[in-house]
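# Understanding the architecture of this molecule
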Amino acid sequence: MKRREVITLLGGAAAAWPLVARAEQSVVRLGYLAPARLPNLIEALRAGLRDFGYVEGQNLAIEYRFALGQTKSYDELAQELISLDPVAIVLTGTPAALALKRQTTTIPIILAPIADPIALGLARSLARPGGNVTGVTMYGTELAHKRMEIRAYQS
């Protein structure tokens, strides 16, 4: 599976579950926090949401915040997004994840692949993250041994 397909799946599936709760509203608002504008990731998110019937500019509004070039901290950007009362916030990058975790315990936070969310205190486990944080990690230490086994087997 290609990286874009994984992110599309993540964006569509993970972002769709909190949207159902507010389906009665005509426009669903999502937050998006990232270090920089990465068009391929944004388009993958939009494509995944379109698969579930959410189209930006029609029944979906995405509030974007990017840290690159900002004088604001991640905490300030996170607080801006939270003040807009989104149904969920999608993010990329560990600093964004940590800032959002500090700022809210109620709004669902959807992680695109980041470093070990368990070691960072963002989740209790990969199987049952608990709290308001969910998403995908490609770097879980729990999987490191399996990766080594696969590489050894391929050699």
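Figured I'd write up the structure that's included with this text. (Residues numbered from 1 in each chain as written. Predicted model: local features only at pLDDT ≥ 70, side-chain atom pairs only at ≥ 80, totals over all residues. Heavy atoms only, no water.)

Looking now at the overall build of the protein. When you go through the protein residue by residue, the secondary structure sums to five helices and five strands. Out of the 155 residues in the protein, the part that is buried amounts to 41%. Put simply, of all contacts in the protein between residues at least 6 apart along the chain, 58% involve residues at least 24 apart. For the protein, the accessible area works out to roughly 8,800 Å², and carbon and sulfur atoms hold 56% of it. (Helix = DSSP H or I, 4+ residues; strand = E, 2+ residues; numbered from the N terminus. Buried < 20%, exposed > 50% of the residue type's maximum accessible area, 1.4 Å probe, protein only. Contact = heavy atoms within 4.5 Å. Areas by Shrake-Rupley, 256 points an atom, 1.4 Å probe, with all protein chains shown as cover.)

A few words on the side chain of Asn132. Relative to the helices and strands, Asn132 resides in the loop between strand E4 (109-114) and strand E5 (133-137). Residue class for Asn132 comes out buried when judged on its relative accessible area of 10%. Within the structure, Asn132 has its side chain in polar contact with the backbone oxygen of Thr104 (distance 3.3 Å). Beyond its immediate stretch of four places on either side in the chain, Asn132 contacts Lys101, Thr104, Thr105, Thr106, Ile107, Pro108 and Ile109. (Polar contact = N/O pair within 3.5 Å; in protein donor to acceptor, adjacent residues only side chain to side chain.)

Across all of its chains, the model carries seven salt bridges by this definition. A salt bridge links Glu63 to Arg65; its shortest N-O distance comes to 3.8 Å. On the basis of relative accessibility, which here comes to 21%, the residue Glu63 falls in the partly exposed class. A salt bridge links Arg102 to Asp75; the nearest nitrogen and oxygen atoms lie 3.1 Å apart. Residue Arg102 is located in helix H4 (residues 94-103), and its partner Asp75 is located in helix H3 (residues 74-83); the two are separated by 27 residues in the primary sequence. Given the relative accessible area of 54%, Arg102 is considered exposed. By relative accessible area, which is 25% here, Asp75 ends up partly exposed. In the salt-bridge network here, residues are joined through shared partners; they are Arg29, Glu63, Arg65, Lys72 and Glu80. (Salt bridge = Lys/Arg side-chain N within 4 Å of Asp/Glu carboxyl O.)

Before going further, it helps to examine the environment of Leu60. Among the secondary structure elements, Leu60 is positioned in strand E2 (residues 60-66). By relative accessible area, Leu60 is classed as buried at 3%. When the C-alpha atoms of Leu60 and Ser26 are compared, they prove to be 8.4 Å apart, with 34 residues separating the residues in sequence.

Time to look at the pairing of E2. Within E2, five of the seven residues are buried, which leaves it mostly tucked inside the rest of the structure. The pairing of strand E1 (residues 28-34) with E2 spans seven bridges and is parallel. In the strand pairing of E2, Tyr32 is matched with Tyr64. Once the chain exits E1 it traverses helix H2 (residues 39-51) before rejoining the sheet at E2, and the crossover so formed is right-handed. (Pairing = 2+ DSSP bridges. Right-handed = clockwise from strand over helix to strand, strands pointing away.)

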